[in-house]
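The residues making up each chain are set out below.
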Amino acid sequence: MPAVDHFPSTHETWIDGQLELACASSGHDADAARGALMSHLMERYYEPLCIYVRARALMGLGEPADIVGDFFARSLDPVPFLDRWRVSGMPLRRWVMNAMALHCKGLRRDAARAAQRRDAAADISEVATADTRAERAFDRAWAVSIANRAFWIAHADAESRGRPQDALAFRLHALDELPHEAIARQLGITVAQSAHAYKRVSARMREAVSDLLRQDGVPPEMLESALAEVLALVREASGG
């Protein structure tokens, strides 16, 4: 699964744990938990949301980075946001995208000097996004970010196992589309070693993607289909 340069815990053990700390404690522990949740959301979704905003042609409302930054700074309190997500039954990425759709609606109303935000209290789970092109761009950017993160997890794992050339062999084959014979000559290894390196990194990336999907609340019984969706989106983003 090639990583495309763009956009070990489950959500029950990490997100829920941070939410419990944020709600049950006070002072430094609560602030740290709230900050960790916000950092997680920004790290995972900032770039995909910028692409979503750009695809929706909202440039008249500001630069995508400014719109997304404003969303995180003013419109997203991670604790109630994630509490509502947990009972929604929605994938976290769709919940985040719909929240951004609501934010953009508010910006449009503000730009039009509407008297009130008529739909400010709308349920995020009921938002219908008319611009399917922007939604697809968001999904592709999200998948690419997952793939890139999984690659660096696999890269770090190869380094820790004393196999620093594994990740390079993977990139040369997956991204540069070099045959294993050429990679073997370039790296001074055998053709079989190049092929095995590619397989090892691919397998570790699949494991990492599964971990990241679980972190976004994908239940175990849906992991295979979610993994297939990520692969398809990455290929689409690569023009394949």
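First, a word on scope: everything that follows refers to the structure included in this document.

Rules used throughout
Residues numbered from 1 in each chain as written. Predicted model: local features only at pLDDT ≥ 70, side-chain atom pairs only at ≥ 80, totals over all residues. Heavy atoms only, no water. Helix = DSSP H or I, 4+ residues; strand = E, 2+ residues; numbered from the N terminus. Buried < 20%, exposed > 50% of the residue type's maximum accessible area, 1.4 Å probe, protein only. Areas by Shrake-Rupley, 256 points an atom, 1.4 Å probe, with all protein chains shown as cover. Arc of directions from axis to C-beta. Core = buried A, V, L, I, M, F, W, Y, C linked by side-chain atoms within 4.5 Å. Contact = heavy atoms within 4.5 Å. Polar contact = N/O pair within 3.5 Å; in protein donor to acceptor, adjacent residues only side chain to side chain. Axes fitted to C-alpha atoms, helices over the stretch in contact; angles between N-to-C directions. Parallel < 35°, antiparallel > 145°, perpendicular 65-115°, else oblique. Left-handed = near helix turned anticlockwise from the far one by under 90°. Nonpolar A, V, L, I, M, F, W, Y, C, P; charged D, E, K, R; others polar. Salt bridge = Lys/Arg side-chain N within 4 Å of Asp/Glu carboxyl O.

1. Remarks on the overall build of the chain
Then, number 1: A tally of helices and strands in the chain yields 10 helices and zero strands.
Then, number 2: The order of α-helices and β-strands along the chain, N terminus first, is α-α-α-α-α-α-α-α-α-α.
Then, number 3: When burial is assessed residue by residue, the chain has 45% of its 240 residues classed as buried.
Then, number 4: Total accessible area computed for the chain in this model is approximately 12300 Å², and 51% of it derives from carbon and sulfur atoms.

2. Some thoughts on helix α4 (residues 78-88)
Then, number 1: Taken as a whole, α4 has its buried residues at Pro78, Val79, Phe81, Leu82 and Trp85. Within α4, the buried residues cover an arc of 160° as seen down the axis, which keeps them to one side.
Then, number 2: The positive-phi residue at the C-terminal boundary of α4 is Gly89, with phi of around 80°.

3. Concerning unusual backbone geometry
Then, number 1: Positioned with a positive phi, Glu177 is a non-glycine residue whose angle comes to about 60°.
Then, number 2: Take Glu177: its relative accessible area is 66%, and that puts it in the exposed class.

4. Here we look at the nonpolar core
Then, number 1: If you look at the biggest cluster of nonpolar residues, it comprises 61 residues, and the most contacted ones within it are Leu41, Leu49, Leu82, Leu92, Met100 and Leu213.
Then, number 2: Apart from the residues lying within four places of it in its own chain, the contact partners of Leu82 are Ile15, Leu19, Leu37, Leu41 and Leu92.

5. As for the side chain of Arg93
Then, number 1: Topologically, Arg93 is positioned in helix α5 (residues 92-111).
Then, number 2: Within the local environment of Arg93, its side chain forms a polar contact with the side chain of Asp139, the two groups lying 3.1 Å apart.
Then, number 3: Here Glu229 takes part through its side chain, which lies 2.7 Å from a polar atom of the side chain of Arg93.
Then, number 4: Excluding residues within four positions of it along the chain, Arg93 makes contact with Tyr45, Phe138, Asp139, Trp142 and Glu229.

6. Some words on the packing of helix α1 (residues 15-24) against α4
Then, number 1: Close contact between α1 and α4 brings their axes to 10 Å; oriented N to C, the two are set at 130°. By the angle between their directions, the pair α1 and α4 is classed as oblique. Between α1 and α4 the crossing geometry is left-handed. Each of Ile15, Asp16, Leu19, Ala22 and Cys23 in α1 lies in contact with α4, whose residues at this interface are Pro78, Val79, Leu82, Asp83, Trp85 and Arg86.
Then, number 2: Of the residues contributing to the contact of α1 with α4, the split by class is eight nonpolar, no polar and three charged.

7. Some thoughts on helix α8 (residues 180-187)
Then, number 1: Among the residues of α8, His180, Ala182, Ile183, Ala184 and Leu187 are the ones counted as buried.
Then, number 2: In this structure, the buried residues of α8 make contact with α7 (165-174) and α9 (191-215).
Then, number 3: Two residues or fewer past α8, Gly188 is found with a positive phi of approximately 70°.

8. Details of the pattern of salt bridges
Then, number 1: Tallied over the entire structure, the rule returns 17 salt bridges.
Then, number 2: Two residues, Arg161 and Asp157, come together in a salt bridge whose shortest N-O distance is 2.9 Å.
Then, number 3: Assessed through its relative accessible area of 60%, Arg161 is described here as exposed.
Then, number 4: Beyond isolated ion pairs, a larger network of salt bridges with shared partners links Arg93, Arg94, Glu135, Asp139 and Glu229.

9. Focus on the side chain of Arg94
Then, number 1: Examined against the element boundaries, Arg94 turns out to sit in helix α5.
Then, number 2: Polar contacts involving the side chain of Arg94 include one to the side chain of Asp139, which spans 3.0 Å.

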